[in-house]
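# Survey of secondary and tertiary structure
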Amino acid sequence: MERRLQEAGVICQPEVSLQYQTLAKRSVLRGVESGGATKEIGRYVTFCDEGGEPIPWLQPIDSVAVNGRHAVVIAPALVSVEVFRVRNTYEVLIVRHNVVQPAEGRRARIEPRVLFRGRQGYLPLDLTGDEKSMAGQIVPEFFSKAGEHIGIPAEFGKVLRAAVRGATCAGCTHQHYLTAPKVNNNNKAGTSDGPIPISAGEHAVAV
Ligand SMILES: [Zn+2]
């Protein structure tokens, strides 16, 4: 499968790495929202917080290549949501990653915990083509080997829909779930919301 993805030119980095912030003196996690699709095959990973909500990126990645790396996220804890698709069959893996900081002098480590794993979920729609408008609204259904329905944790429904959309996004050029950092409101003070400026004529004597 890795080889087929490589041939299709889809680069997806579901791994989370441990990084050390020298100034803040703390260990953090780094993830890269990445992936995309061709008509046949797709793989996509994005990240969210433990409640499934979007988190801001550190920086977006502009690239001429499609189906690659879209944005970098840094956080003390992350949930990765990964989708792998062959035509209409999907695999899903949702993992929570925490930093475990042992006693002083010992190295921190990542503690991953699988929150959901879905195998061979089927979604009989062509989300890369005719039914593209449905992408981002639906997810595949998963069953146990005994044929019982396995529910996806409700809080991760929204992020999973975004990741499914990524795994069906042919020639993906942008992130699907990480968000732009919120603009600090202080930056706006004195411009749009500030006092109405005095006109140049009335103000002419000011030094
Ligand atoms: Zn896309």
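Sequence positions are assigned chain by chain, starting from 1 and proceeding in written order. Where local features are concerned, this predicted model is filtered to residues with pLDDT of at least 70; where side-chain atom pairs are given and counted, the filter is 80 or more; whole-chain, interface and lining totals use all residues. To get the side-chain values, take all heavy atoms of the structure and skip hydrogens and water.

## Observations regarding the pattern of salt bridges
Salt bridges are defined by distance alone: a side-chain nitrogen of Lys or Arg within 4 Å of a carboxyl oxygen of Asp or Glu. What the rule picks out here adds up to six salt bridges. Measuring nitrogen to oxygen at the nearest pair gives 2.7 Å for the salt bridge that ties Arg 3 to Glu 7. With a gap of four residues between them, Arg 3 and Glu 7 both fall in helix α1 (residues 2-8), about one helical turn apart. For the pair shown, Arg 3 and Glu 7 are each scored as exposed. The partner of Arg 96 in a salt bridge is Glu 50, and the shortest N-O contact between them spans 3.7 Å. Of this pair, Arg 96 sits in strand β7 (residues 89-100) while Glu 50 sits in the loop between β3 (41-48) and β4 (59-60), placing them 46 residues apart in sequence. For Glu 50, a relative accessible area of 41% translates into the label partly exposed. Secondary structure is summarised from DSSP: a helix means a run of H or I of at least four residues, a strand means a run of E of at least two, and numbering begins at the N terminus for each. For every residue, the accessible area (1.4 Å probe, protein chains only) is compared with the maximum for its type, and the residue is labelled buried under 20%, exposed over 50%, or partly exposed between those bounds.

## So, the coordination of the zinc ion
On the protein side, the zinc ion has Cys 169 (SG), Cys 172 (SG) and His 176 (NE2) as donor atoms, found 2.1 to 2.3 Å from it. Listed donor atoms are N, O and S within 2.8 Å of the metal (Na, K and Ca: 3.2 Å). As water is not included, a site may look incomplete. Here the donor residues of the zinc ion are spaced in sequence according to C-x2-C-x3-H. Both residues of the pair, Cys 172 and His 176, count as buried.

## Focus on the packing of aromatic side chains
Stacked, edge-to-face and tilted labels apply to pairs of Phe, Tyr and Trp rings (six-membered ring for Trp) whose centres lie within 6.5 Å, assigned for plane angles under 30 degrees, over 60, and everything in between, in that order. As enumerated under the stated definition, the model contains one aromatic pair in all. A centroid spacing of 5.8 Å and a plane angle of 70° characterise the contact between Phe 116 and Phe 142, whose relative ring orientation is edge-to-face. Placement of Phe 116 in strand β8 (residues 109-122) and of Phe 142 in strand β9 (residues 142-143) is noted, with a sequence separation of 26 residues between them.

## A few points about the pairing of strand β6 (residues 77-86)
The buried count for β6 comes to nine of 10 residues, which makes it a mostly enclosed element. For two strands to pair, DSSP has to find at least two bridges joining them. Relative to β6, β3 is paired through eight bridges, and the arrangement is antiparallel. Considered in β6, the bridge of Ile 41 is made with Val 86. Note: β6 against β7, 10 bridges, orientation antiparallel. Residue pairing for β7: Glu 82 is matched across the bridge by Leu 93. Hairpin connection, β6 to β7: the antiparallel pair is bridged by two residues, and Arg 87 has positive phi, about 45°.

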